[in-house]
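Below are the chains, spelled out letter by letter.
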Amino acid sequence: MTLLDIVNNSRRIVFFGGAGVSTESGIPDFRGQDGLYRMKYAVPPETIISASYFHAHPEEFFRFYRDKMLALNAQPNAAHKKLAQWERAGKLLAVVTQNIDGLHQAAGSRRVYELHGSVHRNHCLACKKSYPASFIVRSSGVPRCSCGGIVKPDVVLYEEPLDGEVIEGALAAIASADTLIVAGTSLTVYPAASFVSYFRGENLVLINRDPTPLDGQCTLVLHEKVGQVLGALPSYLPEDTP
Ligand code: NAD
């Protein structure tokens, strides 16, 4: 069966994605061939983006964060756009993403479960005041609130728990899907990677450049670029029907 056959016959698709979904938008992933983990840092990236490092070395954290994790000029690619169209066409229930870049919403997706938070939300650790991502970009060193508190991005750092409501929504969506498309993720970051095991539907599809631990359990595995693969599929919107 081809991916086109599967998508044609599905009515409740859920998409589970990771950093590889945004590489075609110019944002590097962590573990892919050009990923951040292949670059040499004095302190490993996993350490820098941990809660303990954030609190002990906020200056260094924000230097790395502004340089490598904030990509506010990036635009949605063909994968983000096609998923938003499928939701509008009534074919896709939800996107569950490990990404923090907000590109699914920028493409028009509405039901997006951001397991690891978003660079677009930031708040003061002292008074809870909210700030946009542009505030972090414009500030230098450790961004400070008008009250003097540190402004922290609402991204889930290593050692921090995921949000309970987001977990609940994501698992309910995955459990009610007829097709789960897993893409652009090495499936090595937990607990997010374990969410795939809640799928009870018919077709488990994997689109990932490199092999993953899930390859052997899938209905269909494509070691290809997710933007190219999804971009070639129909939108199912009436206005796009030839
Ligand atoms: P990962 O870096 O561990 O793995 C990415 C996977 O995507 C790799 O296996 C790679 O082969 C594959 N890939 C890369 N480009 C692809 C493409 N165009 N098409 C198909 N596959 C492609 O990513 P992960 O599993 O998401 O874990 C990394 C963690 O880092 C996540 O928690 C995520 O929050 C965070 N992160 C987010 C962003 C972002 O928001 N854009 C970027 C980097 C890292």
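Our structure's up above, just so we're on the same page.
Residues numbered from 1 in each chain as written. Predicted model: local features only at pLDDT ≥ 70, side-chain atom pairs only at ≥ 80, totals over all residues. Heavy atoms only, no water.

Novice: Would you take a moment to explain the side chain of S235 for this structure?
Specialist: Along the chain, the position of S235 falls in the segment after α9 (226-231). Judged by relative accessible area, S235 falls into the buried class, the value being 6%. One polar contact links the side chain of S235 to the main-chain amide nitrogen of L237, over a distance of 3.1 Å. Within polar-contact distance, the side chain of S235 engages the side chain of D240 at 2.6 Å. (Helix = DSSP H or I, 4+ residues; strand = E, 2+ residues; numbered from the N terminus. Buried < 20%, exposed > 50% of the residue type's maximum accessible area, 1.4 Å probe, protein only. Polar contact = N/O pair within 3.5 Å; in protein donor to acceptor, adjacent residues only side chain to side chain.)

Novice: I tried to follow the state of the cysteines on my own but got confused; where do I start?
Specialist: Defined simply, a disulfide is a covalent bond joining two cysteines at their sulfur atoms. Evaluation of the coordinates by the stated rule reveals zero disulfides. The cysteine C127 is free of any disulfide, with C145 supplying the nearest cysteine sulfur at 3.6 Å. For C127, a relative accessible area of 41% corresponds to the partly exposed category. Since its relative accessible area comes to 6%, C145 is described here as buried. (Disulfide = S-S within 2.5 Å.)

Novice: What should I look at first to understand the environment of R110 in this one?
Specialist: Note that R110 resides in the loop between α6 (103-107) and β3 (112-114). Residue R110 is classed as exposed on the basis of its relative accessible area of 74%.

Novice: Quick question: what am I supposed to make of the pattern of salt bridges here?
Specialist: Opposite charge on two side chains permits pairing when their charged atoms draw close. Throughout the structure, instances matching the rule amount to four salt bridges. With its nearest N and O atoms 3.2 Å apart, the salt bridge here joins E239 to R88. Here R88 lies in helix α5 (residues 78-88) and E239 lies in the segment after α9, a separation of 151 residues in the sequence. For E239, a relative accessible area of 56% corresponds to the exposed category. A salt bridge links R121 to E114; the shortest N-O distance between them is 3.1 Å. For E114, a relative accessible area of 9% corresponds to the buried category. (Salt bridge = Lys/Arg side-chain N within 4 Å of Asp/Glu carboxyl O.)

Novice: Explain the side chain of D178 here, please?
Specialist: Note that D178 resides in the loop between α8 (164-175) and β7 (179-183). At 2.7 Å, the side chain of D178 and the backbone nitrogen of R11 are in polar contact. Excluding residues within four positions of it along the chain, D178 makes contact with S10, R11, R12, I13, F199, G201, E202 and N203. (Contact = heavy atoms within 4.5 Å.)

Novice: Is there a simple way to think about the pairing of strand β1 (residues 13-17) in this case?
Specialist: On any regular strand, side chains alternate: one points to one face of the sheet, the next to the other face. Of all five residues making up β1, five are buried, and the element is well covered by its neighbours. Note: β1 against strand β2 (residues 92-97), five bridges, orientation parallel. When the bridges of β2 are listed, G17 appears paired with T97. Relative to β7, β1 runs parallel, the two sharing five bridges. Counterpart to G17 in the pairing with β7 is A183. (Pairing = 2+ DSSP bridges.)

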